[in-house]
Amino acid sequence: MEKYEYGKSETSIVLIQMVDGHDLEQIENEVALIRDQTSEDFRFIALRTNNWNHDLSPWKAPAVFGKEGFGGGAEDTLNEVLKLCSDNSKTYYIGGYSLAGLFALWAAFQTDIFQGIAAASPSIWFPGFVDYMKEHEIGSDIVYLSLGDKEERARNPVMATVGDKMREAYRWMEERDIKCTLEWNPGNHFKDVELRMAKAFAWVVKRGSLVPFVRWN
């Protein structure tokens, strides 16, 4: 993975986001938008994946759009991410958009290293994911979820389930007293990506400054 860093390395708050080439075109604007919305100083690490569908999917699944299926490489990707989270004096947050948002949510069920999860328009329609959530313990105290209000109108029948899956996931978190919000943004999946991500990270960082964080171990 290629790593791009913004901010000072000595700051105690570290934001991590999995990105692709298109995300990188807007990443400096996103960082500036986060700064506009929170008074907390932070270090931002963007990690560019080599193969989006493979590197960020928690398990193998057939293609939902196009011809490329999902390779189930998320475990290897997370192992690389965790190498950047070895300083216990830091507070780590992970986030992402679309499949990277799903990866961030899935990561919260694998480790307790992340205080907050910033999942903007996550691909929560991914086959079996909500059922997986219900069968496992989440290791993060704070979760931001968002979706465009036109996303569940997708013509693709699998992707069209995203609204119902999101509501189901949000209810599950509420029942477990997770500090969670679900924000509906205007537009489809591709509208205002950097703004949606900035809102997501700013929300979890603000909540994190108010909530004591206790890890599993």
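Residues numbered from 1 in each chain as written. Predicted model: local features only at pLDDT ≥ 70, side-chain atom pairs only at ≥ 80, totals over all residues. Heavy atoms only, no water.

### What about the overall build of the protein?
Then, number 1: When helices and strands are tallied, the protein shows seven helices and nine strands.
Then, number 2: For 217 residues, the compact-globule formula gives about 17 Å, and the C-alpha radius of gyration of the protein, at 16 Å, lands near that figure.
Then, number 3: For the protein, the spread of C-alpha atoms along the principal axes amounts to about 45 × 40 × 35 Å.
Then, number 4: Put simply, the protein has 217 residues, and 53% of those count as buried.
Then, number 5: Here the contacts in the protein between residues at least 6 apart in sequence split such that 73% fall between residues at least 24 apart.
Then, number 6: Accessible area of the protein: about 10,000 Å², with a carbon and sulfur share of 45%. (Helix = DSSP H or I, 4+ residues; strand = E, 2+ residues; numbered from the N terminus. Rg over C-alpha atoms; globule rule 2.2 N^0.38 Å. Buried < 20%, exposed > 50% of the residue type's maximum accessible area, 1.4 Å probe, protein only. Contact = heavy atoms within 4.5 Å. Areas by Shrake-Rupley, 256 points an atom, 1.4 Å probe, with all protein chains shown as cover.)

### A short note on the packing of aromatic side chains
Then, number 1: For the structure on display, the rule yields 13 aromatic pairs.
Then, number 2: Note on tyrosine 6 and phenylalanine 44: the rings are 6.2 Å apart at their centroids and 65° apart in plane angle, and the pair reads as edge-to-face. Of the two residues, tyrosine 6 sits in strand S1 (residues 2-6) while phenylalanine 44 sits in strand S3 (residues 43-48), which places them 38 residues apart along the sequence. Phenylalanine 44 carries the same exposure label as tyrosine 6, and that label is buried.
Then, number 3: By the ring-pair criterion, three or more aromatic residues cluster together here, those being Trp59, Phe70, Phe109, Trp125, Phe126, Phe129, Tyr132 and Trp172.
Then, number 4: Seen from the ring of phenylalanine 42, arginine 35 lies directly overhead, with NZ or CZ sitting 4.3 Å from the centre. (Phe/Tyr/Trp six-rings, centres within 6.5 Å; stacked < 30°, edge-to-face > 60°. Lys NZ or Arg CZ within 6 Å of the ring centre and 35° of its normal.)

### Quick word on the sheet that holds S1
The strands making up a sheet are joined through hydrogen bonds of the backbone, oriented either antiparallel or parallel.
Then, number 1: The sheet built from seven strands is open, its strands ordered S1-S3-S2-S6-S7-S8-S9 with mixed pairing. The strands lining the two open edges of the sheet, one partner per strand, are S1 and strand S9 (179-185). Within the sheet, the average angular offset between the axes of one strand and its neighbour, ignoring direction, is 15°.
Then, number 2: Sheet strands touched by helix H4 (residues 99-107): strand S2 (13-19), strand S6 (91-97), strand S7 (114-120) and strand S8 (142-148). Its angle to S6, the strand with the most contacts, is close to 145°. (Pairing = 2+ DSSP bridges. Axes fitted to C-alpha atoms, helices over the stretch in contact; angles between N-to-C directions.)

### What about the nonpolar core?
Then, number 1: In this structure, Ile16, Phe114, Leu145 and Met173 are the most contacted members of the largest nonpolar core, which totals 50 residues.
Then, number 2: In terms of residue count, H4 provides more of this core than any other element does, eight residues in total. (Core = buried A, V, L, I, M, F, W, Y, C linked by side-chain atoms within 4.5 Å.)

### Things to note about helix H3 (residues 74-82)
Then, number 1: Within the sequence span of H3, burial applies to Ala74, Thr77, Leu78 and Val81. In an axial view of H3, the angular spread of the buried residues amounts to 100°, which keeps them on one side of the axis. Across H3 from its buried face, at more than 90 degrees, point the exposed residues Glu75 and Asp76.
Then, number 2: Residues of H3 that are buried sit in contact with S2, S3, helix H2 (52-55), S6, H4 and S7. (Arc of directions from axis to C-beta.)

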